[in-house]
Amino acid sequence: MKLQKMADIALKQMVESYSSGVKPVFPIEYFLPIFPGEMNEHISDALHLLEHDGFVSVFNADGIAYTVSLCPNGIRDCEEDTMIKKGYHCIKEIRQLLPI
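What you are looking at is a predicted structure, and each value in this text was computed from that prediction instead of being measured.

Another point: the overall build of the protein. Tallying secondary structure elements over the protein gives 4 helices and 3 strands in all. Secondary structure elements of the protein occur, N-terminal to C-terminal, as α-β-α-β-β-α-α. Taking 2.2 N^0.38 as the reference for a compact globule, 100 residues should give roughly 13 Å; the C-alpha atoms of the protein span a radius of gyration of 13 Å, in line with that estimate. The principal-axis extents of the C-alpha atoms in the protein amount to approximately 30 × 30 × 20 Å. For the protein, contacts bridging at least 24 residues in sequence account for 53% of all contacts bridging at least 6. Measuring between centres, the 9 positive side-chain charges of the protein sit 6 Å from its 14 negative side-chain charges.

This is the structure:
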């Protein structure tokens with residue numbers, strides 16, 4: 001699965017859990033059932049994409065995302081559904097396709 005798609009799914013799952021009353025801190029084990037068959041390193045890379053965008057804060061241990069804290073920007077981004085958001089995701093996908 002592509003990293004950006006994994007990042008989007010992970011953010012959506014975290015926001016849904018947070019909205020249902022779960023604390024905004026998620027261990028790496030939280031993501032394993034969401035992405036069966038994916039390696040911890042691949043999941044960590046997707047979570048680091050979210051961190052780079054300012055949606056989560058990642059605490060690393062042994063090169064893997066040990067815990068992930070949801071930031072207010074991540075909640076807002078997930079709950080907004082605007083043309084700007086759609087354009088942003090389109091630009092990110094185009095950027096991933098280009099060799100930079």
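Now that the structure is up, let's keep going.
Another point: the side chain of Lys 92. Position of Lys 92 relative to the elements: it lies in helix H4 (residues 83–97). The buried category is assigned to Lys 92, whose relative accessible area is 5%.

The next point concerns the nonpolar core. As a rule of thumb, nonpolar side chains are buried together in soluble globular proteins. Counting residues in hydrophobic clusters, the biggest one holds 22 residues, and the most contacted among them are Met 14, Phe 31, Leu 47, Leu 50, Val 56 and Leu 70. Listed by contribution, the elements that provide at least two residues to this core are helix H1 (3–19), helix H2 (40–52), strand E2 (56–61) and strand E3 (64–70). If you tally residues by element for this core, the top one is H1, at 6 residues. Not counting the four nearest positions on each side in its chain, Leu 70 is found in contact with Leu 11, Met 14, Val 15, Tyr 18, Pro 24, Phe 26, Phe 55, Val 56 and Ile 75.

The subject of this paragraph is the pairing of E2. Here 6 bridges tie E2 to E3, and the two strands are oriented antiparallel to one another. The partner of Val 56 across the bridge, within E3, is Leu 70. Connecting E2 to the antiparallel partner E3 that follows it, the hairpin turn spans 2 residues, and Asp 62 within it adopts a positive phi of roughly 55°.

Attention now goes to the side chain of Ser 17. Examined against the element boundaries, Ser 17 turns out to sit in helix H1. Its relative accessible area of 13% is what places Ser 17 among the buried residues. For Ser 17, the contacting residues outside a window of four places in its chain are Val 22, Phe 26 and Tyr 30.

The next subject is the sheet that holds E3. Read across the open sheet, the 3 strands follow the order E1-E3-E2; overall the sheet is antiparallel. At either end of the open sheet lies a strand with only one pairing partner, and these are strand E1 (25–27) and E2. Averaged over all pairs of adjacent strands, the angle between their axes in this sheet comes to 25°, without regard to strand direction. Both E1 and E3 contribute to a ladder of 3 bridges, which runs antiparallel. Its bridge partner being in E3, Phe 26 is matched across the sheet by Val 68. Sheet contacts for H1: E1, E2 and E3; angle to E3, the most-contacted strand, approximately 50°.

What counts, and at which threshold
Residues numbered from 1 in each chain as written. Predicted model: local features only at pLDDT ≥ 70, side-chain atom pairs only at ≥ 80, totals over all residues. Heavy atoms only, no water. Helix = DSSP H or I, 4+ residues; strand = E, 2+ residues; numbered from the N terminus. Rg over C-alpha atoms; globule rule 2.2 N^0.38 Å. Contact = heavy atoms within 4.5 Å. Lys, Arg positive; Asp, Glu negative; His and termini not counted. Charge placed at Lys NZ, Arg CZ, Asp CG, Glu CD. Buried < 20%, exposed > 50% of the residue type's maximum accessible area, 1.4 Å probe, protein only. Core = buried A, V, L, I, M, F, W, Y, C linked by side-chain atoms within 4.5 Å. Pairing = 2+ DSSP bridges. Axes fitted to C-alpha atoms, helices over the stretch in contact; angles between N-to-C directions.

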